[in-house]
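# Fold and geometry: a report
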Amino acid sequence: YVAAKALLGLGRLGEARDACDRAIELAPAHLPAMMLRRQIDRSIRGARAAAGKARPVPIDLPEHLRPLRELLVRGHTAEAIAALEQPPYAGDESAKLLRADLLAFTEQLDAALDAYQAIGGLSGGVGQAHTLVKLGRGAEALAVCDVLVRAHPNASEAHEARALALQALHRGDEADVALKRALATDAQRSQMHVRLAGEPSRGR
């Protein structure tokens, strides 16, 4: 599972998928591995759509953050975090989220929690919930997720985070229900995209 997370961070999506599959084979009820597998699948679909072909692309970053890619590929995470705290990145929302993710990835959890709280919204809230679970503060994570689900009922990420918080609290049946809701919202979103793609464009 940890190897899968690291490989995902490096953009080695095929290897990340294989490692995650192995984790699920070893521990079929490990909910974080199941959610990580879904995240890897989304990354692979996004890479295919961006490239126009069925092959992953290395470290998926917004165009204006691509100069940091080489640091991440080389494993210089501390340097990347430091760069994200300097102009021109310091005031950029994508850069703030990447910095928070890197802090969480390197287990600087208190700093990551502060960073996610400052970001707010769906992305910040999901990151906050995941970090609280890592800190062993499952009840606080669940409270954050309950707010997220009310504000973003159609966001699968919010339901996934809630499932993780419930599992941390040893409420497995409720965690399974939350994960099923995440799957359902994903399916609804996919159906909506298909319908929109099939609609003829309207002239003005």
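Now for a look at the structure at hand.

The subject of this paragraph is the environment of M35. Relative to the helices and strands, M35 is located in helix 3 (residues 31-51). Remark: the alpha-carbon pair of M35 and A163, spanning 128 residues in sequence, is separated by 9.3 Å. Residues contacting M35, with those up to four places away along its chain left out, are E160, A163, L164 and L179.

In this section: the packing of helix 8 (residues 121-134) against helix 10 (residues 156-168). Their axes nearest at 10 Å, the elements helix 8 and helix 10 cross at an angle of 15°. In this view, helix 8 runs roughly parallel relative to helix 10, as classed from their interaxial angle. The crossing of helix 8 and helix 10 is left-handed. In this structure, helix 8 uses L122, V126, A129, H130 and V133 to contact helix 10, whose residues at the interface are E157, A158, A161, L164, A165 and A168. Taken together, the residues of the contact of helix 8 with helix 10 break down into 9 nonpolar, 1 polar and 1 charged.

Take the nonpolar core next. Core analysis: the largest hydrophobic core is formed by 23 residues, its most contacted members being L31, M35, A129, A141 and A163. If you list the elements that add at least two residues to this core, you get helix 3, helix 8, helix 9 (138-151), helix 10 and helix 11 (172-198). By size, the runner-up hydrophobic cluster in this structure holds 18 residues, among which are L68, A80, L98 and A112.

Let's shift gears to the pattern of salt bridges. Working definition: two side chains of opposite charge can pair if their charged atoms are close together. Inspection of every chain in the model, using the stated rule, returns 13 salt bridges. One salt bridge connects R12 with E15, and the closest N-O pair in it is separated by 2.8 Å. Across the pair D146 and R162 runs a salt bridge, and its minimum N-O distance is 2.8 Å. Placement of D146 in helix 9 and of R162 in helix 10 is noted, with a sequence separation of 16 residues between them. Its relative accessible area of 26% is what places D146 among the partly exposed residues. Judged by its relative accessible area of 18%, R162 is buried.

What counts as what
Residues numbered from 1 in each chain as written. Predicted model: local features only at pLDDT ≥ 70, side-chain atom pairs only at ≥ 80, totals over all residues. Heavy atoms only, no water. Helix = DSSP H or I, 4+ residues; strand = E, 2+ residues; numbered from the N terminus. Contact = heavy atoms within 4.5 Å. Axes fitted to C-alpha atoms, helices over the stretch in contact; angles between N-to-C directions. Parallel < 35°, antiparallel > 145°, perpendicular 65-115°, else oblique. Left-handed = near helix turned anticlockwise from the far one by under 90°. Nonpolar A, V, L, I, M, F, W, Y, C, P; charged D, E, K, R; others polar. Core = buried A, V, L, I, M, F, W, Y, C linked by side-chain atoms within 4.5 Å. Buried < 20%, exposed > 50% of the residue type's maximum accessible area, 1.4 Å probe, protein only. Salt bridge = Lys/Arg side-chain N within 4 Å of Asp/Glu carboxyl O.

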